[in-house]
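This is what each chain is made of:
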Amino acid sequence: MNFNQDRQAIVPRSVWSKSILFLLFFFFAFAKGNAQILEPVKWTAKIEKKAGNNAVLIFDGTIEKDWHMYSQFTPDGGPLALEIAFKNQKGNYELVGKAKEGKTKTAFNDVFGVNETFFEGKAHIEQEITIINPNLKTVDVDFDFQVCKEVCINSNKKFSISIPSTFKMSAVPAIVESKLDETKVAGLAIDTVKKAGDTAQKQVVKTTADAPISKDDMPAPAPSRSLWSIFFIAFISGFAALLTPCVFPMIPMTVSFFTKQSKSRAKGIRNAIFYGLSIIAIYVILGLIVTKVFGADALNALSTDVWFNLIFFIILIIFATSFLGAFEIMLPNSWANKADQQADKGGLIGILFMALALAIVSFSCTGPIVGTLLVEAASNGGIAPVVGMLGFSSALALPFMLFAMFPGWLNSLPKSGGWLNTVKVVLGFLELALAFKFLSNADLVLQLHLLEREVFIAIWIAIFAALTLYLFGKITLPHDSPLQHISVGRLYLGLLTLVFTVYLIPGLWGAPLKLISAFPPPPTYSESPFGVGGSSNATVNGDIKGMPEGAELGPHGIMVFHDYEDGLAFAKSINKPIMLDFTGYACVNCRKMENNVWSDPTVLPILKNDVVLISLYVDDKRELPKEEQFVTAAGDKIETVGDKWTDFMISKYKTNTQPLYVITDLEGKNLNNSKPTISYVSTEEYLNWLKEGISNFK
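Each value, and the rule that gives it
- Residues numbered from 1 in each chain as written.
- Predicted model: local features only at pLDDT ≥ 70, side-chain atom pairs only at ≥ 80, totals over all residues.
- Heavy atoms only, no water.
- Phe/Tyr/Trp six-rings, centres within 6.5 Å; stacked < 30°, edge-to-face > 60°.
- Helix = DSSP H or I, 4+ residues; strand = E, 2+ residues; numbered from the N terminus.
- Buried < 20%, exposed > 50% of the residue type's maximum accessible area, 1.4 Å probe, protein only.
- Lys NZ or Arg CZ within 6 Å of the ring centre and 35° of its normal.
- Arc of directions from axis to C-beta.
- Contact = heavy atoms within 4.5 Å.
- Polar contact = N/O pair within 3.5 Å; in protein donor to acceptor, adjacent residues only side chain to side chain.
- Pairing = 2+ DSSP bridges.
- Axes fitted to C-alpha atoms, helices over the stretch in contact; angles between N-to-C directions.
- Salt bridge = Lys/Arg side-chain N within 4 Å of Asp/Glu carboxyl O.

1. Comments concerning the packing of aromatic side chains
Logical step 1: Applying the stated criterion across every chain yields a total of 23 aromatic pairs.
Logical step 2: Seen from their ring centres, F582 and F648 are 5.7 Å apart, and the 65° between their planes marks the pair as edge-to-face. In this pair, F582 is assigned in strand β13 (residues 578-583) and F648 in helix α19 (residues 641-653), connecting sequence segments 66 residues apart. Considered together, F582 and F648 belong to a single accessibility category, that of buried residues.
Logical step 3: Among the aromatic side chains, those forming a connected cluster through ring pairs are W43, F59, F143, F145 and F159.
Logical step 4: If you follow K157 out to its NZ or CZ, it ends over the ring of F159, 6.0 Å from the centre.
Logical step 5: For R490, the ring lying beneath its charged end belongs to Y470, and the centroid distance is 5.0 Å.

2. Brief notes about helix α16 (residues 564-574)
Logical step 1: Every buried residue of α16 is listed here: Y564, G567, L568, F570 and A571. Each buried residue of α16 sits inside an arc of 165° when the element is viewed along its axis, so together they form one side.
Logical step 2: The inward-facing, buried residues of α16 abut β12 (559-561), β13, β14 (612-617) and α19.
Logical step 3: Capping the start of α16, D563 holds a side-chain oxygen 3.1 Å from the backbone nitrogen of E565, two or three residues further along.
Logical step 4: N575 lies just past α16 and shows a positive phi near 55°.

3. What about helix α17 (residues 588-598)?
Logical step 1: Within α17, ten of the eleven residues are buried, which leaves the element mostly enclosed by the surrounding structure.
Logical step 2: Taken together, the buried positions of α17 are V588, N589, C590, R591, K592, M593, E594, N595, V597 and W598.

4. Remarks on the environment of F500
Logical step 1: For F500, the position within the fold is in helix α15 (residues 488-504).
Logical step 2: Each residue touching F500, except ones within four places of it in the same chain, is listed here: W460, F464 and I516.

5. Remarks on the sheet that holds strand β17 (residues 660-664)
Logical step 1: A sheet is described by the order of its strands in space; here six strands give the open sequence β11-β12-β14-β13-β17-β18, paired in mixed fashion. Both edges of this open sheet fall to β11 (551-553) and β18 (677-678), since each of them pairs with a single strand only.
Logical step 2: Relative to β12, β11 runs antiparallel, the two being bridged by three bridges. The partner of E552 across the bridge, within β12, is V560.
Logical step 3: Set on the sheet, α16 makes contact with β12, β13 and β14; between it and β14 the angle comes to about 175°.
Logical step 4: Running over the sheet, α17 touches β13, β14 and β17 and is turned about 135° from β13.

6. A word on the sheet that holds strand β5 (residues 93-101)
Logical step 1: Read from one edge to the other, the open sheet built from four strands follows the order β1-β2-β8-β5, with strand pairing classed as antiparallel. Sheet topology places β1 (41-49) and β5 at the edges, where each strand pairs with a single neighbour. Averaged over all pairs of adjacent strands, the angle between strand axes in this sheet comes to 20°, irrespective of strand direction.
Logical step 2: Sheet topology places strand β2 (residues 54-63) next to strand β8 (residues 122-131); nine bridges connect them, and they run antiparallel.

7. Looking at the side chain of T664
Logical step 1: Relative to the helices and strands, T664 is located in strand β17.
Logical step 2: Judged by relative accessible area, which is 1%, T664 ranks as buried.
Logical step 3: Every residue in contact with T664, bar those within four places of it in the chain, is listed here: P577, I578, L580, Y653, K669, N670 and L671.

8. A few points about the pattern of salt bridges
Logical step 1: Applying the stated criterion across every chain yields a total of nine salt bridges.
Logical step 2: K46 serves as the salt-bridge partner of E48, at 3.4 Å between the closest nitrogen and oxygen.
Logical step 3: Relative accessible area serves as the criterion here: at 41%, K46 is assigned to the partly exposed category.
Logical step 4: For D142, the salt bridge is made with K158, and the minimal N-O distance between the two is 3.1 Å. Here K158 lies in strand β10 (residues 152-162) and D142 lies in strand β9 (residues 138-148), a separation of 16 residues in the sequence.
Logical step 5: Judged by relative accessible area, which is 11%, D142 ranks as buried.

Here it is in structure tokens:
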């Protein structure tokens, strides 16, 4: 099959008769209507003068309704992030910082397990430059980006922005090339080149995780749900902090102070409410400081940074060790003394300082929880740290306000005792388990394979087994009280952790462990990617044993080819139809189809035994050999493997969307009459389409 075939254009000649012209016009309109070459983002670009030799490149994209385009800050391992390449930079201009983006949204992608950032409606990007060459006529920029709704499109947009003669730039000494590469282009042009070489490898590893699947692709409210989940987790953490030895005993003491010192019950309630609001304000201000210091975009970008993950792994280990009783993390006593002195002055200012004193005195218990929340919120980016602190402080403040309103409830509180330390220890074990998620992130990014899936799961089994023994009283820690017997609540909690520990064990032999799919490395990042006892030489496609040249085991153990010619040759050797799967490493709905539809018991046997699957990745950034590169009739340069399959898809099937599935015979002819191609559909529709195509194979 020739992938370099020219795309046909229908141009009526003026000498033809009117009837022929009409028929051709009708055919042309029909062909255009069915071509489905989509362009959901329309771009404009301009340059604006600033002081001296500086100027700003401004790119504005109008995104069609229901589509969304991914930002340059979407982390590796997720959907395809925007990549910006400055083509004629050397000796002509210097980048000032990184490209800045307009309004974006951030949401957790449960398929890839990352927080993706994207544009909806409009995309606005600005890049400041310093022009070095006064004779520069144009600035040439390439955008590589992905835009999705039910399907995804990987697009490239080339800009050649003219510099007006009115700019009157002066000559500037050339910047040393090494300095330019290291300090000015980091993360943009240079980073783009790096990504081009290793995107395929990184994303193959990260996108095959068996993650829980959402039924919705990318609904607009997703960011809200993400922030709500952060708020909820922080709120629960606030209640956990209440049950620590540093906070719980202060509830009756503080409430009694308000009820006894206030002249009336109403004033006592008012003071207690102000006290609670002061607690909330203190922690929310802390969240604001974190967001302000690091910046919303920086926090989101840090989530896949190696050093970020290593540092927070160490921080969480320290927090966990403190909770387990090795030492206490405390703020200086002078801070608490000064806050107490201000609190003695009375009035609303005094109450505010009482809240500050609570935050300082209880830091040895709340500090590790707050630190963990800030770490998790920082990896989400945006205003997540503020939302997290709002949820945490609301739960912390709520009992003080409620017990002040209803003092009789104090009698129902359990007495302080050793159970409070048990709460701290349980939190310590949980923080210890969470710490290894950050270490795993760093290992994945560096591809060191030191903390592969089996090792990660084994560590969690050890941690939760130790927690189970602790809850059953078989392990004691430094600050534990003598234990004559265990309470019913502690017994139930011990049984729950025991069940969870047993649940983890099959993960060592390849079980998907869907309950914790967002935490361990994906199944492919494993000593045994096919499961213990599994082999790449497993029986596939009926009686065919071994792996033919160019084949590998793909999702759910399906044999798959990634080159058309290799797959075609194998299909001819066994006389079976071909299923073409136009996909992408960063295609969300491709993963959803694989996880939800391909795994269905009625579909999977067909894909394994009745067709030869050829998956062609349109975002494969590996460069083609020079002799295989070409330019299409439309002027598009075909330089990478992904470009090749994109051109094949467009020229042959007149569409540029993924996922796209086609069943063909051995001559490349479509076997489905009703729907020659199919995309993101239900299991039932996909199954019927498969059966129709296979039944038509002769």
